[in-house]
Amino acid sequence: MKVGIVCYPTYGGSGVVATELGKALAKEGHEIHFITYSQPTRLDFFSENLYYHEVAIKDYPLFDYPPYELALASRLVDVAEHEGLDLLHVHYAIPHASAAHLAKQILAKKGITIPFITTLHGTDITLVGKESSYEPVVTFTINESDAVTSVSDDLKKETLQHFNISREIEVIPNFIDLKRFKKQKKDHFKKAICPNGEKLLVHTSNFRRVKRVQDVIEVFNKVRQVVPAKLLMVGDGPERSNAEEFCRRTCGIDDVRFLGKLEAVEEVLSVSDLFYMTSEKESFGLAALEAMACQVPVISTNAGGLPELNQDGISGFICEIGDLDDMAKKSMHILDDNNLQKFKEGALNRARDFDVSKIMPLYEELYHRVIEKSKTSITA
Ligand code: GMT
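Student: Would you mind showing me how to read helix 2 (residues 68-83) here?
Tutor: Each full turn of the α-helix corresponds to 3.6 residues, which orients residues three or four apart in the same direction. Along its 16 residues, helix 2 runs 22 Å from first to last C-alpha, staying within 8% of the 22 Å computed at 1.5 Å per residue. Taken together, the buried residues of helix 2 touch strand 1 (2-6), strand 2 (31-36), strand 3 (50-54), strand 4 (87-91) and helix 3 (93-109). Just past helix 2, the residue Gly84 takes up positive phi, approximately 65°.

In structure tokens:
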């Protein structure tokens, strides 16, 4: 198959999922064309089946806001026509689904039929999509997509609750490449950060408000009163400077390190003992899955789809959003040397359910189905 994939290239879990999916499909022999405004961060190597087409956004003094959606739709028309694409798969509804819908209409006028699939990832539904400035377009383009997937049951439920949806939504969860995300031997690194055998706690995110990063620091402050521990904060985003300032005031910078964005986050996860995902909204929690794959148990909230990933009492624990005492109590239970190994194994076992080899075929099967259906609707 020849598939055009649209995503946000540099920011957020949806871009990571889209890029990893494209890479996995390319390995299976499919021809994958990424169409976006810059090269996806994880697409940094050569493969004969992978292509990248940049969307050029022309500025003009009249445009306070250059119309990216139109530039994207035009590029989709161009790539679909010249590369002979069979299908478009857009990740994150806004504005990708409406651009794909427009491209499909333009191509139809040229006698080219191309179906498009929309994958809902999270804030395109739970935050941004619900806003009245986007809701009518999101509803329309979900209904007009040839297939729609969501990354968890909870996100599907929320979509059906808040939008007037007249079509089926299929759930295909996030996935992980266990060949890349696995515990590596990095003892020297652990020794450097935890010279006295402290436990290492970790959080990775894009430091947006929904992540409630301050909760991580407050829980850490409670835990380290009982268990010697250090905290690593990985990633970057709008709340990072507030979080650093909060640390300076409450715990001193020696025990907490802010590492910024990391290419090889699996190296840090490999030496970590406990991962925190304290979000108030989280459709799936890809970062938690990455931690589990590296044998790191997870303390998560019960937001969104997190209970579909984190198995309470097995791969970690699930706590109410903002219940910091409970998070601290459960952290200490996991960090107890009598329990830690069992939770590490529980985390890895759970991650195995989401290995790319199990999830990627679900997309492949969906692609075949959608392409076949669109062919039969032409001949009918
Ligand atoms: O919040 C992010 O990390 C970005 C956001 C996105 O769509 O780019 O992530 C969402 O998609 C990920 C991949 O499907 C999910 O694993 C995240 O749970 C989800 N984030 C939220 O719902 C807040």
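That covers the picture; the talk isn't over yet.
Student: Explain the domain arrangement of the protein chain here, please?
Tutor: By a widespread convention, an interface's size corresponds to the accessible area lost as its parts come together. Here the protein chain is described as being made up of domain 1 (2-175 + 356-379) and domain 2 (187-352). Inter-centroid distance (C-alpha atoms) of domain 1 to domain 2 is 31 Å. Tallying the contact residues gives 21 residues for domain 1 and 15 residues for domain 2. Note on domain 1 versus domain 2: buried area summed over both sides is about 1,300 Å², and carbon and sulfur give 54% of it. Taken together, domain 1 and domain 2 are joined by 0 salt bridges. In this assembly, domain 1 and domain 2 are joined by 5 residue pairs in polar contact (both at pLDDT 80 or more). Broken down by secondary-structure element, the contributors of at least two residues to the side of domain 1 that touches domain 2 are helix 1 (13-27), helix 4 (123-126) and helix 6 (153-162). Classifying every residue of the side of domain 1 that touches domain 2 by side-chain character gives 8 nonpolar, 8 polar and 5 charged.

Student: How do you make sense of the site of the ligand when you look at a structure like this?
Tutor: Neighbouring the ligand are 19 residues; Ser14, His121, Asn174, Arg208 and Glu282 lie closest to it. Interatomic distance of 2.6 Å between a side-chain N/O atom of His121 and an oxygen atom of the ligand. In the environment of the ligand, an oxygen atom lies 3.3 Å from a nitrogen or oxygen atom belonging to the side chain of Lys211. Protein burial of the ligand: of its 480 Å² of free accessible surface, 95% is covered by the chains. Broken down by element, the residue count for the shell around the ligand peaks at 3 residues, all from helix 1. Class assignment for the residues of the shell around the ligand results in 5 nonpolar, 10 polar and 4 charged. Composition of the shell around the ligand by domain shows at least three residues from each of domain 1 (2-175 + 356-379) and domain 2 (187-352).

Student: Explanation requested: the nonpolar core in the structure shown.
Tutor: With 72 residues, the main nonpolar core has Ile32, Leu120, Leu269, Phe275, Leu289 and Tyr367 as its most contacted residues. For this core, the element with the most residues is helix 15 (residues 356-379), which contributes 8 residues. Residue-level mapping places this core at the junction of two domains, with at least three residues from each of domain 1 (2-175 + 356-379) and domain 2 (187-352). Those residues in contact with Leu289 that lie beyond four places of it in its chain are Asn174, Phe175, Ile176, Phe284, Leu309, Ala351 and Phe354. Phe207, Leu231, Ile299 and Ile334 belong to the second-largest nonpolar core, a separate cluster that totals 30 residues.

Student: When you look at the pattern of salt bridges in this model, what are you seeing that I'm missing?
Tutor: Between side chains of opposite charge, a pair can form when the charged atoms approach closely. Scanning the entire structure with this criterion turns up 28 salt bridges. Glu170 serves as the salt-bridge partner of Arg369, at 3.0 Å between the closest nitrogen and oxygen. Of this pair, Arg369 sits in helix 15 while Glu170 sits in strand 7 (residues 170-171), and the two are 199 residues apart along the sequence. Taken together, the salt bridges that share partners define one network made up of Glu20, Lys23, Arg180 and Glu266.

Student: Would you mind showing me how to read the side chain of His33 here?
Tutor: Tracing the backbone shows His33 in strand 2. Engagement of the side chain of His33 in a polar contact is seen with the side chain of Glu31, the distance being 2.8 Å. With residues up to four places along the chain from it excluded, the contact list for His33 reads Val3, Gly4, Ile5, Tyr51, His53, Val79, Glu83 and Leu85.

Student: Quick question: what am I supposed to make of the packing of aromatic side chains here?
Tutor: Aromatic ring pairs: the centre-centre distance and the angle between the two ring planes describe each pair. Taken as a whole and judged by the stated rule, the model has 6 aromatic pairs. On the basis of an interplanar angle of 65° and a centroid distance of 5.9 Å, the ring pair of Tyr60 and Phe63 is categorised as edge-to-face. The exposure class of Phe63 is partly exposed, given its relative accessible area of 34%. Aromatic pair Phe207 and Phe258: ring centres 6.4 Å apart, planes at 50°, arrangement tilted. Separated by 51 residues along the polypeptide, Phe207 in the loop between strand 8 (199-204) and helix 8 (213-223) and Phe258 in strand 10 (residues 256-260) bring together distant segments of the chain. Under the relative-accessibility criterion, Phe258 is labelled buried at 17%.

Student: Looking at this model, I keep getting lost on the environment of Glu54. Mind explaining?
Tutor: Of note, Glu54 is situated in strand 3. A sequence separation of 17 residues divides Glu54 from Tyr37, and the C-alpha atoms of the two residues are 5.2 Å apart. Discounting chain neighbours no more than four positions away, the residues touching Glu54 are Thr36, Tyr37 and Arg75. Side-chain polar atoms of Glu54 contact the side chain of Tyr52, separated by 3.5 Å.

Student: Sorry, what's going on with helix 14 (residues 340-352) here?
Tutor: Between its first and last C-alpha, helix 14 extends 19 Å over 13 residues, near the 18 Å set by a 1.5 Å rise per residue. Those residues of helix 14 that fall on the buried side of the exposure criterion are Leu340, Phe343, Lys344, Gly346, Ala347, Leu348, Arg350 and Ala351. Contacts from the buried residues of helix 14 go to strand 8, helix 11 (286-293), helix 12 (306-309), strand 13 (316-319) and helix 13 (324-335).

Parameters at a glance
- Residues numbered from 1 in each chain as written.
- Predicted model: local features only at pLDDT ≥ 70, side-chain atom pairs only at ≥ 80, totals over all residues.
- Heavy atoms only, no water.
- Helix = DSSP H or I, 4+ residues; strand = E, 2+ residues; numbered from the N terminus.
- Expected span 1.5 Å × (residues − 1).
- Contact = heavy atoms within 4.5 Å.
- Domains from an automatic or database assignment.
- Buried area = accessible area lost by both parts, 1.4 Å probe.
- Salt bridge = Lys/Arg side-chain N within 4 Å of Asp/Glu carboxyl O.
- Polar contact = N/O pair within 3.5 Å; in protein donor to acceptor, adjacent residues only side chain to side chain.
- Nonpolar A, V, L, I, M, F, W, Y, C, P; charged D, E, K, R; others polar.
- Near = heavy atom within 4 Å.
- Areas by Shrake-Rupley, 256 points an atom, 1.4 Å probe, with all protein chains shown as cover.
- Core = buried A, V, L, I, M, F, W, Y, C linked by side-chain atoms within 4.5 Å.
- Buried < 20%, exposed > 50% of the residue type's maximum accessible area, 1.4 Å probe, protein only.
- Phe/Tyr/Trp six-rings, centres within 6.5 Å; stacked < 30°, edge-to-face > 60°.

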